[in-house]
Amino acid sequence: MTFAGLETAGSATGPWGRESRQLFAAGPFADLGRHELAFGRLTLERIDRSFISDLEGSGLTGRGGAAFSSWRKMVATNRDRGRAAQAVVVANGAEGEPLSFKDKTLLAHAPHLVLDGLLAAGRAVGAGQLYIYAGEASLATLRSAVAARRENPRIMVVPAPETFIAGEASAVVNSISNGVALPMDLRRRLSSSGVRGRPTLVFNVETLAHMALIARHGAAWFREAGTIGDPGTRLVSRSGYGAEQVLEVEGGASLPGILSRAGLDPATMHSVLVGGFHGEWVHPAGRQLSPPGKADGGVHPGAGVLHVLPAGECGLEATAGMVRYLAAASARQCGPCMFGLPAMSQAMDAVARGGHGPGPVQELERVSRLVDGRGSCHHPDGSVRLVRSALAIFSDDVAAHLAGSCTRFATRDP
Amino acid sequence: MSTELHIDWTRCDGRGLCTELLPHLLARDDWGYPLARRDRGGGLSDVEIGVNDLAAARDAVALCPTFALLLRPSP
C-alpha cells in the first residue's frame, strides 16, 4: 500500500499527486466545507478521556522530531496536574528547521484537520484553553479557519517567530506565556507546569492531524499503514535534488523506496540528510525511516526531513554551512552552546577547506565532546549529531581534504 | 534513592565555585563552565552525588552566585 500524498513543486500551489485517503484527502487549500465533505464531520461531543486509550492502541508518536508517544504525554498531563488546574493544549506549527516545510504545507491545505485534532486532544485532557502557534505564513489561513468554527473552548492563534529554536517545546510555552521564544530550563515538567503555570501539552500540528483521523476511524485503521513498531504514516519534506516535495510515507518506509517514489534514482543518491540540521547524514541503501529501536537499519525521521546531497556538492562544505547556521541560531543562553557551537563551526570550516593536516578533525571531535548534552535544550546535541554523522559518512572526503583534494571535484584550489 | 546535581545552563556563568567544591566530579571546559568528569550517558552535564559529597554539593547549591544549581533525585 502506498499513499501518493501531495507534491509541491517548489511552492504549495504546485501540481498534486494522486489523492491519498489520508492527510491531504480534502484537496488543495481545503475550507471547512470541503474538509467535512472529504473526512466527514467529527462529533466532538463523543470524545472524552477514553480517546487516550484509542491513541495508545494506535501507537501514534509525535511528528515534530522527538517521536514521543502521544498517549503517554496525555496520561502524564492528567496525572501531574493539580485538582483545580485546567490543562492547556498547544498545536505547534513553528517550523524553524530550514529544510522542513511539511507543517506549513499541512496548515495551508488541511488547517481543519489540525483544528479537529487540537479539539479532540483538548477534550481528552479536559483542556480549558487551546492555542495554535505558527509562523507568519500560516496565520491568515489559521485565523479564518478558527473563525469558521464555533467550538468551545475557543482556539487562540499565536504568531511564532521564524527562528530555528522557536518550535522547541519549552520555547513554545515561554513564547505564549512571556512573549520570549527561547528554551527554558525545566525544573518542573511542562505536563505539570507550562503555559502560565498550567499543565501543558505541546503537539506538533501533523501529530494532531493524525489524531483527527484516529478520532474518526479508530486505532486499527491507523495501523493499516506502517509497521507494528512504527504504525501510520508521516509527512516528509524532500529537498536537495529537483523540485521540493511533501510526501506522505508509511512508517518504516525504506529510504530508497521513498526516493524512487519522489522520482529520483536511488542508485545515484549516495548521501541523504535525514531529520534536518539536527539529524544525520546516511547512505540510503538498506535504511528505513523509523524512530530509534523500531526497525533494523532505522534512521530517526526527526521532523521528517530528507535532503539529498546534489551531485557535485561536497558533503563537508554543505555541513560546514549548516553548522555556521546552527552556531548563529544558538539562543545564547547556555555557555557551552554559545561558545562551543562557534568553535565547532570554525573547526568544521577548516575541515571543509582542507589541507591543514589532521588538527581540525581532532579539534572538531574534542569540541563536540564539550558541547554534547550541555544545554537546556537539544540544540547542542543535535548539532553534534550532524557533525559526527558528516565525519562518518564523508570519511573519504575527510581523508581527501586532509591531502588537499576532494572526492567531488577533480581538483581543488588550495 | 540517589541524588544528582542539576546545572541550569541558562543561568550558569562559569564562575567556577562548584568546580572548586567538587573538584573530583567537576572540571572546567575551555570557557570556564563546569564539565562533568564522567559521562553518565548523554553528555558531560549533571553529575551523580554520592553520600560523601552531599555536604559539599549542598554548599555549591547555596553558594552559586547565579543560583544555577539544584539537587534533585536522579531520574
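Just so it is clear, the model here is predicted, and its values are computed rather than measured.

**Student:** Where do I start with the interface of chain B and chain A in this structure?
**Tutor:** One widely used convention gives an interface's size as the accessible area the parts lose upon coming together. Tallying the contact residues gives 22 residues for chain B and 21 residues for chain A. Buried area between chain B and chain A, summed over both chains or domains, comes out near 1,600 Å², and the portion from carbon and sulfur atoms is 55%. Interface area lost by chain B to chain A is led by Trp-9, Thr-10 and Trp-31 of chain B, which between them contribute 39%. The interface formed by chain B and chain A contains three salt bridges. Salt-bridge contacts for Arg-374 of chain A lead to Asp-29 of chain B; the nearest nitrogen and oxygen are separated by 2.9 Å. In this assembly, chain B and chain A are joined by six residue pairs in polar contact (both at pLDDT 80 or more). For the side of chain B that touches chain A, the leading source of residues is strand S5 (residues 69-73) of chain B, giving three residues. Residue composition of the side of chain B that touches chain A, by class: 11 nonpolar, five polar and six charged.

**Student:** Explain the packing of helix H1 (residues 32-39) of chain A against helix H5 (residues 111-124) of chain A here, please?
**Tutor:** To describe two helices that pack against each other, one gives the angle between their axes and the distance between the axes. All names here are of chain A. H5 packs onto H1 with a crossing angle of 70° between their chain directions and a minimal axis gap of 9 Å. With respect to H5, the element H1 is oriented roughly perpendicular. Residues Leu-32, His-35 and Phe-39 of H1 form the contact with H5, whose own contacting residues are His-112, Leu-113 and Asp-116. Its residues assigned to classes, the contact of H1 with H5 comprises three nonpolar, two polar and one charged.

**Student:** Explain the packing of aromatic side chains here, please?
**Tutor:** Remark: the centre distance and the inter-plane angle together describe each pair of aromatic rings, the angle taken between the planes. Following the criterion strictly, the structure yields five aromatic pairs over all chains and no others. An angle of 75° between the planes, with centres 5.9 Å apart, marks the rings of Phe-164 of chain A and Tyr-325 of chain A as edge-to-face. With Phe-164 of chain A in the loop between strand S3 (155-159) and helix H7 (169-178) and Tyr-325 of chain A in helix H11 (residues 315-328), this residue pair connects regions lying 161 residues apart in the sequence. With relative accessibility at 12%, the residue Phe-164 of chain A sits in the buried group. The exposure class assigned to Tyr-325 of chain A is partly exposed, which follows from its relative accessible area of 32%. Ring centres of Phe-339 of chain A and Tyr-33 of chain B lie 6.1 Å apart, and the angle between their planes is 35°; on these two criteria the pair is classed as tilted.

**Student:** What's the story with unusual backbone geometry in this structure? I'm lost.
**Tutor:** Leaving glycine out, the prevailing phi sign among residues is negative, and the prevailing peptide bond configuration is trans. Residue and element names in this part refer to chain A. Not every positive phi belongs to a glycine, and Phe-29 is a case in point at roughly 45°. Within the element layout of this structure, Phe-29 appears in the segment before H1. Looking at Phe-29, the relative accessible area reads 41%, which means it is partly exposed. In this structure, Arg-196 is a non-glycine residue whose phi angle is positive, near 45°.

**Student:** Even after reading the chapter, I still don't get the confidence of the model for chain A, so can you show me in this structure?
**Tutor:** Close reading of the predicted structure is inappropriate where its pLDDT is low. Residues and elements named next belong to chain A. With 92% of its residues at a pLDDT of at least 70, chain A reaches an overall mean of 89. In the predicted structure, residues 1-20 sits below a pLDDT of 50 and forms 59 contacts with residues beyond four places in sequence or in another chain. A low-confidence stretch, residues 410-414 stays under pLDDT 50, and its non-local contacts, those more than four residues away or across chains, total eight contacts.

**Student:** Looking at this model, I keep getting lost on the packing of H11 of chain A against helix H14 (residues 379-393) of chain A. Mind explaining?
**Tutor:** Residue and element names in this part refer to chain A. The N-to-C vectors of H11 and H14 enclose an angle of 170°; their axes lie 10 Å apart at closest approach. Compared by their axis directions, H11 and H14 come out roughly antiparallel. Contact residues: H11 offers Leu-316, Thr-319, Met-322, Val-323 and Leu-326, while H14 offers His-379, Ser-383, Leu-386, Val-387 and Ala-390. Looking at the contact of H11 with H14 residue by residue, the classes come out as seven nonpolar, three polar and no charged.

**Student:** Whenever I open this one, the pattern of salt bridges confuses me. Can you help?
**Tutor:** For side chains of opposite charge, pairing can occur when their charged atoms come near one another. All names here are of chain B. Inspection of the entire model under this criterion finds 19 salt bridges over all chains. Here Asp-13 makes a salt bridge to Arg-15, at a shortest N to O gap of 3.7 Å. For Asp-13, a relative accessible area of 45% gives the class partly exposed. Salt bridges here are not isolated pairs; linked through shared partners, they connect Glu-4, Arg-40, Asp-46, Glu-48 and Arg-72.

**Student:** Any chance you could explain the sheet that holds S3 of chain A here in plain terms?
**Tutor:** Hydrogen bonds between backbone atoms are what pair the strands of a sheet, whose relative direction is either parallel or antiparallel. Residues and elements named next belong to chain A. An order of S3-S2-S1-S4 is seen for the four strands of this open sheet, with the pairing classed as parallel. Here the strands that pair on one side only, and so sit at the sheet edges, are S3 and strand S4 (200-204). Each strand of the sheet is rotated relative to its neighbour by a mean of 25°, with strand direction disregarded. Relative to the sheet, H5 contacts strand S1 (88-93), strand S2 (129-134), S3 and S4, its axis offset from that of S2 by approximately 145°. Across the sheet, H7 is in contact with S1, S2, S3 and S4; its angle to S2 comes to roughly 110°.

**Student:** Would you mind showing me how to read helix H2 (residues 54-63) of chain B here?
**Tutor:** Counting along an α-helix, one turn takes 3.6 residues, and residues three or four places apart therefore face a common direction. Residues and elements named next belong to chain B. Within the sequence span of H2, burial applies to Leu-54, Ala-56, Ala-57 and Ala-60. All buried residues of H2 fall inside an arc of 165° around its axis, so they share one side. Exposed side of H2, more than 90 degrees from the buried face: Ala-55, Arg-58, Ala-62 and Leu-63 are the residues found there. Turning to H2, the residues buried within the fold contact strand S1 (3-7), helix H1 (17-21), strand S4 (47-49) and S5.

Analysis parameters
Residues numbered from 1 in each chain as written. Chains lettered and ligands numbered in written order. Predicted model: local features only at pLDDT ≥ 70, side-chain atom pairs only at ≥ 80, totals over all residues. Heavy atoms only, no water. Contact = heavy atoms within 4.5 Å. Buried area = accessible area lost by both parts, 1.4 Å probe. Salt bridge = Lys/Arg side-chain N within 4 Å of Asp/Glu carboxyl O. Polar contact = N/O pair within 3.5 Å; in protein donor to acceptor, adjacent residues only side chain to side chain. Helix = DSSP H or I, 4+ residues; strand = E, 2+ residues; numbered from the N terminus. Nonpolar A, V, L, I, M, F, W, Y, C, P; charged D, E, K, R; others polar. Axes fitted to C-alpha atoms, helices over the stretch in contact; angles between N-to-C directions. Parallel < 35°, antiparallel > 145°, perpendicular 65-115°, else oblique. Phe/Tyr/Trp six-rings, centres within 6.5 Å; stacked < 30°, edge-to-face > 60°. Buried < 20%, exposed > 50% of the residue type's maximum accessible area, 1.4 Å probe, protein only. pLDDT = per-residue confidence, 0-100. Pairing = 2+ DSSP bridges. Arc of directions from axis to C-beta.

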